[in-house]
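Structural overview
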Amino acid sequence: MSTVGLPTLREFDTELEAANLRGQWLYDEVLESVVGGPKPAGVPFLWRWEEVYAKLLRSCDLLPESFTARRNLSFMNPATRGTTHTMNMGMQMLKPGEVAWAHRHTMSALRFAIQGGPGLVTVVDGEPCQMEDYDLVLTPSWTWHDHHNGTPENVVWLDVLDIGLVLGLNVPFYESYGEERQPERVNPGEHLADRGGLLRPVWEQVKKTNFPFRYPWQGVERQLQRMADVPGSPYDGVVLRYANPVTGGSTMPTLDCWAQLLRAGQQTEAHQHTSSAVYFVVRGEGITVVDGVELEWGPHDSFVVPNWSKHHFINRSTEDAVLFSVNDIPALQALDLYYEKPELSVGTSPVPPVPANIRAR
Ligand code: 1HN
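A quick note: this is a predicted structure, and the numbers were derived from the prediction, not measured. Starting from 1, residues in each chain are numbered consecutively following that chain's sequence as written. It should be noted that, the model being predicted, local features are given only for residues of pLDDT at least 70 and side-chain atom pairs only at 80 or more, the latter also being counted only at that level, while totals for whole chains, interfaces and linings use all residues. Side-chain metrics rest on all non-hydrogen atoms present in the structure, leaving aside hydrogens and water.

**Considerations on the site of the ligand**
- Definition of nearness: a residue and a molecule or strand are near each other if at least one heavy atom of the residue lies within 4 Å of the molecule or strand. What surrounds the ligand is the set R70, N72, Q92, H103, H105, R111, H145, H147, D159, L161 and I163.
- Contacts described as polar in this section are N or O atom pairs within 3.5 Å, which, within protein, must combine one atom able to donate a hydrogen with one able to accept it, while residues neighboring in sequence count only if both atoms come from side chains. Interatomic distance of 3.0 Å between a side-chain N/O atom of R70 and an oxygen atom of the ligand.
- At a separation of 2.8 Å, an oxygen atom of the ligand approaches a polar side-chain atom of H103.
- Its free accessible area being 330 Å², the ligand has 84% of it covered by the protein chains.
- Labels follow the DSSP assignment, with helices taken as runs of H or I lasting at least four residues and strands as runs of E lasting at least two, numbered in each case from the N terminus. Secondary-structure elements contributing two or more residues to the shell around the ligand are β4 (99-105), β9 (145-149) and β10 (155-161). Method for areas: the Shrake-Rupley scheme with a 1.4 Å probe, in which residue coverage is limited to the protein chains shown.

**As for a nonpolar patch on the surface**
- For patches, a residue must show more than 30% relative accessible area and have no salt bridge; joins then use 9 Å for like charges and 5 Å for nonpolar side chains, namely Val, Leu, Ile, Met, Phe, Trp and Tyr. Note on definitions: salt bridges are taken to be side-chain nitrogens of Lys or Arg within 4 Å of carboxyl oxygens of Asp or Glu. Together, Y27, V30, L31 and V34 give the surface a local cluster of nonpolar side chains, amounting to about 350 Å² of exposed area.
- In this structure, Y27 sits in the loop between α1 (9-18) and α2 (28-33).

**Examining the pairing of strand β20 (residues 311-314)**
- Side chains of β20 alternate between two faces, with H311 and F313 and H312 and I314 buried alike.
- For two strands to be treated as a pair, DSSP must find at least two bridges joining them. Judged from the four bridges that link them, strand β17 (residues 286-290) and β20 form a sheet pairing that is antiparallel. Paired with V290 across the two strands is H311, which belongs to β20. The classification of residues rests on relative accessible area computed with a 1.4 Å probe and restricted to protein chains. Under 20% of the type maximum is buried, over 50% is exposed, and intermediate values are partly exposed.

**Focus on the pairing of strand β21 (residues 321-327)**
- For β21, the tally of buried residues reaches seven of seven residues, placing the bulk of the element in the interior.
- Judged by which residues are buried, β21 turns out to be covered on both faces: A321, L323, S325 and N327 on one side and V322, F324 and V326 on the other are all buried.
- Where strand β14 (residues 256-262) lies against β21, seven bridges are found, and the strand directions are antiparallel. Bridging from a neighbouring strand, L262 pairs with A321 of β21.

**So, unusual backbone geometry**
- Cis peptide bonds are those with omega within 30 degrees of zero, and the linkage from K341 to P342 qualifies with 15°.
- Tracing the backbone shows P342 in the segment after β22 (340-341).
- Of note, D125 is a non-glycine position whose phi angle comes to about 45°, a positive value.
- For D125, a relative accessible area of 23% gives the class partly exposed.
- Within the chain, H300 stands out as a residue other than glycine whose phi angle is a positive 70°.
- With respect to the helices, strands and loops of the structure, H300 is situated in the loop between β18 (293-297) and β19 (302-305).

**Let's talk about the UniProt feature "domain: Cupin type-2" (unreviewed entry) in the protein**
- Mapped onto the present numbering, the UniProt feature "domain: Cupin type-2" (unreviewed entry) falls on residues 91-160 and 262-326.
- Each end of residues 91-160 is marked by a C-alpha atom, and these two atoms are 9 Å apart; helix forms 0% of the span and strand 66%.
- Secondary structure across residues 262-326 comprises 0% helix and 52% strand; the distance between its end C-alpha atoms is 16 Å. UniProt positions are given in the numbering used here, feature names are shortened, and annotations may be inferred rather than shown by experiment.

**Comments concerning the layout of surface pockets**
- Buried and open spaces are told apart on a 1 Å grid over the protein atoms alone, a cavity being a set of points where a 1.4 Å probe fits but cannot get out and a pocket being an open set with protein on both sides within 12 Å along at least five of seven lines. Residues with an atom within 4 Å of a point are the lining residues. Grid points are joined across faces, edges and corners, and a volume is the space filled by probe spheres set on the points. In this structure, the largest pocket spans a volume of roughly 1,100 Å³.
- What lines the largest pocket is a set of 36 residues, and nearest its centre among them are M227, V238, V239, L240 and R241.
- Only β12 (214-215), α5 (217-226), β13 (238-241) and β14 provide two or more residues apiece to the lining of the largest pocket.
- Of all the elements, β13 adds the most residues to the lining of the largest pocket, at four residues.
- Asp, Glu, Lys and Arg are counted as charged, while Ala, Val, Leu, Ile, Met, Phe, Trp, Tyr, Cys and Pro are counted as nonpolar; the rest, among them Gly, fall into the polar class. In terms of residue class, the lining of the largest pocket is built from 22 nonpolar, ten polar and four charged.

Written as structure tokens, this is what we have:
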């Protein structure tokens, strides 16, 4: 066949581009580059508590007292748009008496108190949720939330939102309530949080999602100590999920929250997964090695493990370390895109056997 008079393939690519078309052959390079998996989105990075705290104090001087915006500093990964490509982690500060005004958005979010107290409250869909140190409060997708500092001190908490994911799917919605505070529920018998508890109203429909849940730290600590001597995960140590009490599954549909105990002297095995994770150090000191980068952490530091990066944890100290983390595993699992290498470690081990069933008959 004669090719005389035909355009070159390059010229044809240009011709196609002008017609808003693109030959599949142009994706060849992309496909070749992901043999063995994706390049991690973002780089391993750590934000020091002292530095973030100092910047929060400065933002107190510069962002006015009454505000519809938040005095939140987001941790920006140097190599992607958020902390990870799916999530933003940041810290927020309120001075005594301040209120962060009521609003709602389709981003699912959570608050983890760092310097709180009985007077620090996030109202979620009319239900006040106290934020004492290390308590977790959920503000699921499209729930109204405003934060009140009723303590005599500055307060600080961690915010985590699934921003990158929601923007990537192009489903952001936002609404301001238009006043400082949303109304609070008057009748305690109507609290939605109780609709997800151990005792529920028989006459009502079953509520499935978007609960204004609070997970007091005391319960997490107690459970971590009860399980401190079980082998746990070879990759993450003794690691507990903040379960949704209704489904038994992930904390929220897109985000899972974990509390993790790394025993003194413990070193975990290295692995990688398609999910990304953001970490906050509750206590202790250690190192997380991420794709060869050593993130050396101490109390209240925050760090990020980008997706598909190979990582392990080391606690060389003589004290236990406790990490709080948030990941996007549920979003990936929902799409059947959650993978781990070298093996699946989430939800795979058998539960402990019943003692009476162990004896050989
Ligand atoms: C937001 O609404 C809060 O409600 C905190 O406290 C941080 C970061 C980005 C977008 C919205 C809050 C946020 C945020």
